[in-house]
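# Tertiary structure, described
The lines below spell out each chain.
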Amino acid sequence: MVKNIVLIGFMGSGKTSVGKALSMKLNLPYVDSDGVIEAEEKRPISQIFEEDGESYFRDKEIEVIESLSERRGWIISTGGGVVLNPENIFNLKRNGLIFYLKTTPSVIYNRIKDDSTRPLVNVSNPLERIENLLRRRTWLYEESADYVVDTSSLTIDEVRDKIIKIGGKK
Ligand code: S3P
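Fair warning: this is a prediction, and the values are worked out from it, not measured in the lab.

### Focus: the overall build of the chain
When its secondary structure is counted, the chain shows seven helices and five strands. The helix and strand sequence of the chain, counted from the amino end, reads β-α-β-α-α-β-α-β-α-α-β-α. Compactness check: the chain gives a C-alpha radius of gyration of 15 Å against a globular reference of 15 Å for 170 residues, within 12% of the reference. Each principal axis of the C-alpha atoms in the chain carries an extent, and together these give about 45 × 35 × 25 Å. Here the chain holds 170 residues, and the buried ones make up 45% of them. Sequence-distant contacts, at least 24 apart, represent 72% of the contacts inside the chain between residues at least 6 apart. Accessible surface computed for the chain: about 8,700 Å², of which carbon and sulfur atoms make up 49%.

### As for the site of the ligand
Taken together, 13 residues surround the ligand, and among them K15, D34, R58, R118 and R137 come closest. In this structure, G81 approaches the ligand through a main-chain N or O atom, which is 3.4 Å from an oxygen atom. Take R118: an N or O atom from its side chain is 2.7 Å from an oxygen atom of the ligand. Surface burial for the ligand is 95%, taken as the share of its 390 Å² of free accessible area covered by protein chains. Cavity membership is defined here by more than half of the atoms lying within 2 Å of grid points; on that basis the ligand lies in the largest pocket. In terms of residue count, the dominant contributor to the shell around the ligand is helix α3 (residues 45-68) (three residues). Class assignment for the residues of the shell around the ligand results in five nonpolar, three polar and five charged.

### A closer look at the side chain of N91
Mapped onto the secondary structure, N91 falls in helix α4 (residues 86-95). Leaving out residues up to four positions away in the same chain, N91 has contacts with E66 and S69.

### Quick look at helix α2 (residues 33-41)
If you check which residues of α2 are buried, you get S33, D34, V36, I37 and E41. All buried residues of α2 project into a common sector of 160° when viewed along the axis, lining one side. In this fold, the buried residues of α2 make contact with β2 (30-32), α3 and β3 (75-77). At the C-terminal side of α2, K42 shows a positive phi close to 55°.

### What to know about the nonpolar core
Counting 31 residues, the largest nonpolar core has I8, F10, M11, V83, L92, I130 and Y141 as its most contacted members. At the level of elements, β1 (4-8), α2, α3, α4, β4 (96-102), α5 (105-112) and α6 (126-144) are the ones that each hand at least two residues to this core. Broken down by element, this core gets its largest block of residues, seven residues, from α3. The residues touching M11, leaving out its near neighbours within four places in the chain, are G80, I108, I112, R118, L120, V121 and L133. V18, L97, V149 and V159 belong to the second largest nonpolar core, which has 11 residues in total.

Scoring rules and cut-offs
- Residues numbered from 1 in each chain as written.
- Predicted model: local features only at pLDDT ≥ 70, side-chain atom pairs only at ≥ 80, totals over all residues.
- Heavy atoms only, no water.
- Helix = DSSP H or I, 4+ residues; strand = E, 2+ residues; numbered from the N terminus.
- Rg over C-alpha atoms; globule rule 2.2 N^0.38 Å.
- Buried < 20%, exposed > 50% of the residue type's maximum accessible area, 1.4 Å probe, protein only.
- Contact = heavy atoms within 4.5 Å.
- Areas by Shrake-Rupley, 256 points an atom, 1.4 Å probe, with all protein chains shown as cover.
- Near = heavy atom within 4 Å.
- Polar contact = N/O pair within 3.5 Å; in protein donor to acceptor, adjacent residues only side chain to side chain.
- 1 Å grid on protein atoms, 1.4 Å probe; cavity = no way out; pocket = protein on both sides within 12 Å on 5 of 7 lines; lining within 4 Å.
- Sits in = over half its atoms within 2 Å of the grid points.
- Nonpolar A, V, L, I, M, F, W, Y, C, P; charged D, E, K, R; others polar.
- Arc of directions from axis to C-beta.
- Core = buried A, V, L, I, M, F, W, Y, C linked by side-chain atoms within 4.5 Å.

Laid out in structure tokens, this is it:
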């Protein structure tokens, strides 16, 4: 069975960049669950949150993850809150190996501070928000992952190669 490589982690942890790099190197197709949600909803995530709220988005996310989990041999990157619903992890694990891209709050802050497309950190004190969310979520990322990759001091290509090395042994 060809497993999917599934990337989880906080916003700004590099899931999209690493996912695309893996896709290029392994010649496997890449999909981003947030991208599928936006395409199906025909509006950006910030607008979904604004118009219909977070719980509408989470329900849609469950649906999309369930359908993406049916695939085999894909690189799948997920939204940072995918771990909030255990159903998502159950589905992703069926055909996939899950890698948690672990990063520190300050690295995340520097990567996303000028980005207004992420509603959860579009607040007056984003660093504090990031720290709070990470405090609440870290155990979920760690519990959900088959492997934890600390990306704080690694380049995108280094993270990619680490994942390939681990995946190759499976
Ligand atoms: C979210 C992360 C976002 C997106 C949504 C909610 C979160 O994805 O799914 O804004 O709860 O952490 P990225 O991790 O790709 O930014």
